[in-house]
Amino acid sequence: MKPGDKVICINDKIDADKSEEIRRDFEIWITRDKEYTIRDILDNNGIVTGLLLDEVHNFPKFFKLINRFQEPAFAQWRFRKLQYNTAVAEEESAVEELVKQAEELVKIER
């Protein structure tokens, strides 16, 4: 995954014992089966990789665990990268190119 990639949320569940902490840190939460665009990827000092999303902006908070202020990020494991079918687009482009070539040949023969 990298910034600009489209992802889909596969897990928006909040464990009951984490609910209060999550509600305090995140004004806006993610929704399962919704598509998002990665805005940035945070290493979080190697603790857990977090994603910032174009569609969701939360206020920065101070996190003791990493000893800094930052926007709360969503755990990467909550998402799956979307794989759009680029083969179809490539085939359509190849067909369009062949049509253009055929049209040029017809013009030349006339």
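Quick look at the structure, then. (Residues numbered from 1 in each chain as written. Predicted model: local features only at pLDDT ≥ 70, side-chain atom pairs only at ≥ 80, totals over all residues. Heavy atoms only, no water.)

**Overview of the pairing of strand S2 (residues 35–42)**
The test is simple: Only when DSSP finds a minimum of two bridges between them are two strands counted as paired. Where helices and strands are cited, they refer to DSSP runs of H or I of at least four residues and of E of at least two residues respectively, numbered from the N terminus.
Across three bridges, strand S1 (residues 6–9) lies against S2 in antiparallel orientation. Along S2, the bridge assignment pairs Lys 6 with Thr 37. Alignment of S2 against strand S3 (residues 50–53), held across four bridges, turns out to be antiparallel. Of the residues in S3, the one forming a bridge with Ile 41 is Leu 51.

**Description of the pairing of S3**
Counted only if it meets this: In this scheme, a residue with accessible area under 20% of its type's maximum is buried, one over 50% is exposed, and one in between is partly exposed, where area comes from a 1.4 Å probe on protein chains only.
Here S3 shows a buried face lined by Gly 50 and Leu 52 and a second buried face lined by Leu 51 and Leu 53. Examined bridge by bridge, S3 and strand S6 (residues 74–75) share two bridges and lie antiparallel to one another. Bridge pairing links Gly 50 to Ala 75 in S6.

**Brief notes about the sheet that holds strand S7 (residues 79–81)**
Taken together, five strands build an open sheet; the order of strands is S6-S3-S2-S1-S7 and the sheet is antiparallel. The outermost strands of the open sheet, each flanked by one partner alone, are S6 and S7.

**A short note on the layout of surface pockets**
Rules: Only protein atoms enter the calculation, which uses a 1 Å grid: trapped sets of points that fit a 1.4 Å probe without letting it out are cavities, open sets showing protein on both sides within 12 Å along at least five of seven lines are pockets, and any residue with an atom within 4 Å of a point is a lining residue. Grid points are joined across faces, edges and corners, and a volume is the space filled by probe spheres set on the points. The residue classification treats Ala, Val, Leu, Ile, Met, Phe, Trp, Tyr, Cys and Pro as nonpolar and Asp, Glu, Lys and Arg as charged. All others, Gly included, are polar.
Counted as a void, the largest pocket has a volume near 720 Å³. In terms of lining, the largest pocket is formed by 26 residues, of which the most central are Glu 21, Ile 22, Phe 26, Val 48 and Ala 73. Elements supplying a minimum of two residues to the lining of the largest pocket: helix H1 (19–25), strand S4 (61–63) and S6. Of all the elements, H1 adds the most residues to the lining of the largest pocket, at four residues. Here the lining of the largest pocket is composed, by residue class, of 15 nonpolar, three polar and eight charged.

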